[in-house]
Amino acid sequence: MVTSNITNNTTDYTRLKSVMAERPHDKVSDRYNFIPTVQVINLLEKHGWYVSSARETNAREGRQGFQKHMLRFRQKGDVGRTLLMDELIPEILMANAHDTSAAFLLMSAFERCWCTNQCTVADSTIASHKILHKGYQDEQILEAIYHIVEDTPKVIESVERFKAIPLTNEEQGIFGESAIEILNPLSKDGEELFEKYDKETSINRLMKPKRKQDVEKNLWNTYNIVQEKFLKGDRFMVDKDAITNYYDVEMGKKWAKAKKTKQVKSIDKDIRLNKALWTLTEAMANLKGA
């Protein structure tokens, strides 16, 4: 994966070949309607949205320069500026590809201060918009942006709702177990996974905050702790054998080395995990009756 970092103004997305593609992949059908990603970037810039980050997936030889890519857009005043404490910056996420593997996909997103969590909102809060290359018109993009911006206050309302919901240790454990099963869908009930890994210890490691700002046990902090560890990778899955290697089980649960999960580099997995975690958080809020 290649990532383009935020500059003082806008991201230098021009070094990503898939973003700058001037034609589709050679193997696409004659009926494929090629729409340059740059055309849409220019359209968004005309309406005040600028690229704040950009990445493309790794691709096999022959598909390089045409693979799936993802860009995040912010309003001009938000690009490159220092975020305030616990501030949320509304973003528009756009994914595309030039090898027929993806249409234009636009959805609501945001970035959270102090952990640079790049989050994506589930369709249950704000609908995502899929725009096919065939029959494409600029007006379709503008309409999608209009609806995303119009519904952005719903995201802020959801965040404030999550912050106001306290969780007990048991409720955090339920959230963590459900989240791990999303990350590792080995079986419908998750039993295969926890035959190998110690459930209690793994969940406790997952729920341990990485920074003091997330110590308070509420639903918003719980979501952010899990989201960051899932997307960036972390050590929380503890093998049962690693625990029994210690002469004392409690010592093993405390000190046993955990398996490091990998950083999520796949754009599809990034979007899927983000949406699933947001949906899980909404479900927990509903169960709490908030």
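Up top is the structure.
Notes on the structure in this doc start here. Counting of residues starts from 1 at the beginning of each chain's written sequence and follows it residue by residue. Only residues with pLDDT of at least 70 are given local features in this predicted model, and only at 80 or more are side-chain atom pairs given and counted; all residues enter the totals for whole chains, interfaces and linings. Side-chain measures were taken over the full set of non-hydrogen atoms in the model, leaving aside hydrogen atoms and water.

1. Remarks on the packing of aromatic side chains
Item 1. Only Phe, Tyr and Trp rings take part, Trp by its six-membered ring, and two of them pair if their centres are within 6.5 Å. Stacked means planes under 30 degrees apart, edge-to-face means over 60, and tilted covers everything else. Inspection of every chain in the model, using the stated rule, returns 7 aromatic pairs.
Item 2. Look at Phe 162 and Trp 278: their rings are 5.4 Å apart centre to centre, the planes differ by 70 degrees, and that puts the pair in the edge-to-face class. In this pair, Phe 162 sits in helix α2 (residues 138-163) while Trp 278 sits in helix α9 (residues 267-287), placing the two residues 116 residues apart along the sequence.
Item 3. Only protein chains enter the calculation, and the probe is 1.4 Å; a residue is then buried if its accessible area is under 20% of its type maximum, exposed if over 50%, and partly exposed in between. Owing to a relative accessible area of 0%, Phe 162 belongs among the buried residues under this scheme.
Item 4. Connected via pairs of aromatic rings, a cluster forms that spans Phe 110, Phe 162, Trp 220, Tyr 223 and Trp 278.
Item 5. Placement of a charge over a ring requires the Lys NZ or Arg CZ to be within 6 Å of the ring centre, with the centre-to-atom vector within 35 degrees of the ring normal. Lying over the aromatic face of Tyr 197, Lys 196 brings its terminal NZ or CZ to 5.5 Å of the ring centre. Each helix is a run of DSSP H or I of at least 4 residues and each strand a run of E of at least 2, with the numbering of both proceeding from the N terminus.

2. Overview of the packing of helix α5 (residues 199-207) against helix α6 (residues 219-232)
Item 1. Angles shown run from 0 to 180 degrees and are taken between the N-to-C directions of axes, each axis being a line fitted to C-alpha atoms and, for helices, limited to the stretch in contact. At a minimum axis separation of 9 Å, α5 and α6 run at an interaxial angle of 100 degrees. On the basis of their axis angle, the class for α5 and α6 is roughly perpendicular. Contacts between α5 and α6 pair Arg 205, Leu 206 and Met 207 from the former with Thr 222, Ile 225, Val 226, Lys 229 and Phe 230 from the latter.
Item 2. Ten residue types, Ala, Val, Leu, Ile, Met, Phe, Trp, Tyr, Cys and Pro, are classed as nonpolar, four, Asp, Glu, Lys and Arg, as charged, and the remainder, Gly among them, as polar. Of the residues assigned to the contact of α5 with α6, the class counts are 5 nonpolar, 1 polar and 2 charged. The cut-offs work like this: below 35 degrees is roughly parallel, past 145 is roughly antiparallel, 65 to 115 is roughly perpendicular, and the gaps in between are oblique. In this description, contact between two residues means that some pair of their heavy atoms is separated by no more than 4.5 Å.

3. Details of the pairing of strand β5 (residues 104-112)
Item 1. In terms of residue burial, β5 counts as a mostly covered element, since 8 of its 9 residues are buried.
Item 2. Any two strands with at least two DSSP-identified bridges between them are counted as paired. Here strand β4 (residues 88-96) runs beside β5; their pairing, made up of 8 bridges, is antiparallel. Residue pairing across strands places Pro 90 opposite Phe 110, the latter belonging to β5.
Item 3. Sheet topology places β5 next to strand β7 (residues 129-131); 3 bridges connect them, and they run antiparallel. Looking at the pairing, Leu 105 lines up with Lys 130 of β7.

4. Overview of the environment of Ala 21
Item 1. Counting through the fold element by element, Ala 21 comes out in the loop between β1 (2-4) and α1 (37-46).
Item 2. Ala 21 sits 44 residues away from Gly 65 along the chain, and the two C-alpha atoms are 6.4 Å apart.
Item 3. When near neighbours in sequence (up to four residues on either side) are disregarded, Ala 21 contacts Phe 34, Pro 36, Gly 65 and His 98.

5. Regarding the pairing of strand β2 (residues 49-56)
Across a regular strand the side chains alternate sides, sitting on one face of the sheet and then on the other.
Item 1. In terms of residue burial, β2 counts as a mostly covered element, since 8 of its 8 residues are buried.
Item 2. Bridge analysis of β2 against strand β3 (residues 69-75) gives 7 bridges, and the strand direction is antiparallel. Note that in β3 the partner of Trp 49 across the bridge is Gln 75.

6. Considerations on helix α3 (residues 169-183)
Item 1. The span expected for a helix works out to 1.5 Å for each residue beyond the first. Along its 15 residues, α3 runs 21 Å from first to last C-alpha, staying within 8% of the 21 Å computed at 1.5 Å per residue.
Item 2. Within α3, burial applies to Glu 171, Gln 172, Gly 173, Phe 175, Gly 176, Ala 179, Ile 180, Ile 182 and Leu 183.

7. Some remarks on the nonpolar core
Side chains of a nonpolar character, in soluble globular proteins, are inclined to be buried together.
Item 1. Of all hydrophobic cores here, the largest spans 37 residues; its most connected members are Phe 110, Phe 230 and Trp 278.
Item 2. Taken together, the elements giving at least two residues each to this core come down to α2, α3, α4 (191-196), α5, α6, β8 (235-237) and α9.
Item 3. Sequence-distant contacts of Trp 278, defined by excluding residues within four places in its chain, comprise Phe 110, Thr 120, Val 121, Ala 122, Thr 125, Val 155, Ser 158, Val 159, Phe 162, Trp 220 and Tyr 223.
Item 4. Here, nonpolar core means buried Ala, Val, Leu, Ile, Met, Phe, Trp, Tyr and Cys residues that are tied together by side-chain atoms lying within 4.5 Å of each other. Counting 23 residues, the second largest nonpolar core, distinct from the first, contains Trp 49, Ala 54, Phe 73 and Tyr 136.

8. With respect to α6
Item 1. Its 14 residues place the ends of α6 20 Å apart at the C-alpha level, agreeing with the 20 Å of an ideal helix rising 1.5 Å per residue.
Item 2. Two N or O atoms count as a polar contact when they lie within 3.5 Å, although within protein this holds only if one can serve as hydrogen donor and the other as acceptor, and sequence-adjacent residues are included solely when both atoms are side-chain atoms. One side-chain oxygen of the residue at the start of α6 lies 3.1 Å from the amide nitrogen of Trp 220, identifying that residue as Asn 218.
Item 3. The first or second residue beyond α6 is Gly 233, which carries a positive phi of 85 degrees.

9. Here we look at the environment of Leu 193
Item 1. Position of Leu 193 relative to the elements: it lies in helix α4.
Item 2. Taking relative accessible area as the criterion, Leu 193 reaches 3% and is therefore assigned buried.
Item 3. Counting along the chain gives 148 residues from Leu 193 to Glu 45, while the straight-line C-alpha distance between them is 46 Å.

10. Let's talk about a nonpolar patch on the surface
Item 1. Put simply, a patch holds well-exposed residues, over 30% relative accessible area, that have no salt bridge, with like charges counted together within 9 Å and Val, Leu, Ile, Met, Phe, Trp or Tyr side chains within 5 Å. Here, Shrake-Rupley sampling with a 1.4 Å probe gives the accessible areas, and only protein chains in the shown set may cover a residue. For salt bridges, the criterion is a side-chain nitrogen of Lys or Arg within 4 Å of an Asp or Glu carboxyl oxygen. Among the surface-exposed residues, Tyr 246, Tyr 247, Met 251 and Trp 255 lie close enough to one another that they form a single nonpolar patch of about 490 Å² accessible area.
Item 2. Assessed through its relative accessible area of 32%, Tyr 246 is described here as partly exposed.

11. A word on the packing of α2 against α9
Item 1. Close contact between α2 and α9 brings their axes to 11 Å; oriented N to C, the two are set at 55 degrees. Here α2 lies oblique to α9, going by the angle between them. Considering how the two elements wind past one another, α2 and α9 form a crossing that is left-handed. Residues Val 155, Ser 158, Val 159, Arg 161 and Phe 162 of α2 form the contact with α9, whose participating residues are Trp 278, Thr 281, Glu 282, Ala 285 and Asn 286.
Item 2. Looking at the contact of α2 with α9 residue by residue, the classes come out as 5 nonpolar, 3 polar and 2 charged. Here a crossing is taken to be left-handed if its near helix is turned anticlockwise relative to the far helix by less than a right angle, and right-handed if that turn runs clockwise.

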